[in-house]
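Fold and contact review
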Amino acid sequence: MGDGHEARHISFGAYRDACARLEGRIFGGTWSYTFDHPWKAPPPRGETFQWGLYQGEELIGWHHAHQRDERTVDMADTGILPEHQGRGLYSRLLPRVLDVYRDAGYTLVTSHHRATNNRVLIPKLRAGFFLQGLKLDEGGLNVALTLSLDGTYREAMHVRSGFRQAAGETARRLGLAIRDEAKVEGRPAPRVPLPPTEGQSLDLGDGYTLWRVPYEVYWDVYARLEDAAYQSVSFGWAAPAPRPNPDVPRYAWLISHAGEVAGWQLSRQWDARTAYMANTAFLPGHRGKGLYTRLLPLVLDALRAEGYSLVRSHHHATNNAVIVPKLRAGFCIQGLQTDEHGVMAVLIHAFDPVYREYMDVRSGLTRPGGEVARRLGLKLRPER
């Protein structure tokens, strides 16, 4: 695994022994509920997989997975000693164990992680896992992730979330008529010159610039380019909205390249403390260049300067290309909702460091202490 680290197969008994010796050092800072002694015996484990993580001959961590059903293996437990974290070990371990599960014949790989544990969620989503749900249990608020080792099922998850239209074999397995692909393929995006702008632009690198524009200018561009920017499938309302949108502050930007519009970003007020990043898009020829990652801090700085404490955003639950940079920028997964656009992940970014700690406490990732405990009216007894 590089840097003197190695993953070795170990027995289930050796894994349990490692847990008994080291889990306090690895997971001691988390906040879980302690059950009484169980009355029932556990169900049969089925097939299990265990690796010990070593640096030289020193055991520094482990990975354990077990069969969940006839198609699914569950990545139930991974632990790495704190002094060896932050070195990319988890990212290097993932493809190795996933290859083993694929070779063993599994179709799906599942795992659960505390909802604010971005250090684990990011490499999982980069490896192809999708957000599948949230559950509240003895460990706290946990995110359910699933990786499909079957490409067709993976596309079906995109269809379920509303991120893509069904086509080909995916449509057949969902019992849908296969659409005419010729109607949507190969159609270039319209070329829209950058409208007249005022003020100073911000450099996004590689010839891209960010311009603050009035909402009306943004809306005119959006109306002309919306169809070219999205593959997602939204519900079509039968009639126009009966009421106008609330008159709240809006903050709009256009992204330009070579004198033409390459994308946009719109944010607006959500409530008294929260801004909502309502819409961000890049035209197809401008994706995959890291623009979203470079755009985020500029938009967040602008919203922070407007006085907001929180920033909210919604994304299709399988849109990892957006969710990953959002988590890297400090957003946390806060929920799922189904609306006219599909199944959407709700993300929150907190500018207040105490509120960020509070979210970690709520998820069970950390124990309440200091200012967070004071604001929650909690006082924990000392650990024994």
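Quick caveat: nothing in here was measured; it's all calculated off a predicted structure. (Residues numbered from 1 in each chain as written. Predicted model: local features only at pLDDT ≥ 70, side-chain atom pairs only at ≥ 80, totals over all residues. Heavy atoms only, no water.)

**Some points on the overall build of the protein chain**
Note the cut-off: Helix and strand assignments follow DSSP, with helices taken as H or I runs no shorter than four residues and strands as E runs no shorter than two, numbered in order from the N terminus. It is over C-alpha atoms that the radius of gyration is taken, and the globule rule equals 2.2 Å times the number of residues to the power 0.38. Pairs of residues are marked as contacts when any of their non-hydrogen atoms sit within 4.5 Å. Under the convention used here, a 1.4 Å probe and the Shrake-Rupley method define accessible areas, while residue burial counts only the protein chains that appear. Positive charge is attributed to Lys and Arg, negative charge to Asp and Glu, and no charge count is given to His or to the chain ends. One atom stands in for each charge, and that atom is NZ of Lys, CZ of Arg, CG of Asp or CD of Glu.
Looking only at helices and strands, the protein chain features 10 helices and 15 strands. Taking 2.2 N^0.38 as the reference for a compact globule, 384 residues should give roughly 21 Å; the C-alpha atoms of the protein chain span a radius of gyration of 24 Å, in line with that estimate. If one aligns the C-alpha atoms of the protein chain with their principal axes, the spans along those axes are about 70 × 55 × 45 Å. Counted over contacts in the protein chain with a minimum sequence separation of 6, partners at least 24 positions apart contribute 63%. Counting every atom, the protein chain has about 21400 Å² of accessible surface; 50% of that belongs to carbon and sulfur. Within the protein chain, one finds 47 positive and 42 negative side-chain charges whose respective centroids are separated by 3 Å.

**Examining the packing of aromatic side chains**
How we decide: Whether two aromatic rings pair depends on their centres lying within 6.5 Å, for rings of Phe, Tyr and Trp, where Trp uses its six-membered ring; planes under 30 degrees apart make the pair stacked, over 60 edge-to-face, and the rest tilted. The buried label goes to any residue with under 20% of its type's maximum accessible area, the exposed label to any with over 50%, and the partly exposed label to all in between, with areas taken from a 1.4 Å probe on protein chains only. Remark: a charge is flagged as sitting over a ring if the NZ atom of Lys or the CZ atom of Arg is within 6 Å of the ring centre and within 35 degrees of the ring normal.
Counted by the stated rule, this structure contains 17 aromatic pairs. Judged by centre distance (5.7 Å) and plane angle (35°), the ring pair of Tyr-218 and Tyr-222 falls under tilted. Separated by four residues within a single helix, Tyr-218 and Tyr-222 lie in helix H6 (residues 215-229), roughly one turn from each other. Given the relative accessible area of 2%, Tyr-218 is considered buried. Measuring from centroid to centroid gives 5.0 Å for Phe-235 and Trp-237, while their planes differ by 85°, and the two rings are edge-to-face. Judged by relative accessible area, Trp-237 falls into the exposed class, the value being 63%. Ring pairs connect the aromatic residues Tyr-215, Tyr-218, Trp-219, Tyr-222 and Trp-264, which therefore count as one cluster. Arg-8 extends its terminal NZ or CZ atom over the ring of Tyr-54, reaching a point 4.2 Å from the ring centre. The ring of Tyr-215 carries Arg-250 above its face, with NZ or CZ at 4.4 Å from the centroid.

**As for the pattern of salt bridges**
Here is the rule: Salt bridge, as used here: a side-chain nitrogen of Lys or Arg that lies within 4 Å of a carboxyl oxygen of Asp or Glu.
This structure, assessed with the given rule, holds 17 salt bridges. Its salt-bridge partner being Arg-8, residue Glu-57 comes within 3.3 Å of it at the nearest N-O pair. Here the residue Glu-57 occupies a position in the loop between strand E2 (48-55) and strand E3 (58-67), and Arg-8 occupies one in strand E1 (residues 5-9), the gap between them amounting to 49 residues. On the accessibility criterion, Glu-57 (68% relative accessible area) is exposed. Note on Arg-8: relative accessible area 23%, which makes it partly exposed. Beyond isolated ion pairs, a larger network of salt bridges with shared partners links Glu-6, Arg-8 and Glu-57.

**Re unusual backbone geometry**
Within the chain, Asp-3 stands out as a residue other than glycine whose phi angle is a positive 55°. Considering the arrangement of structural elements, one finds Asp-3 in the segment before E1. Using a relative accessible area of 60% as the deciding quantity, one classes Asp-3 as exposed. Although it is not a glycine, Asp-206 sits at a positive phi angle of roughly 55°. Relative to the helices and strands, Asp-206 is located in the loop between strand E8 (202-205) and strand E9 (208-213).

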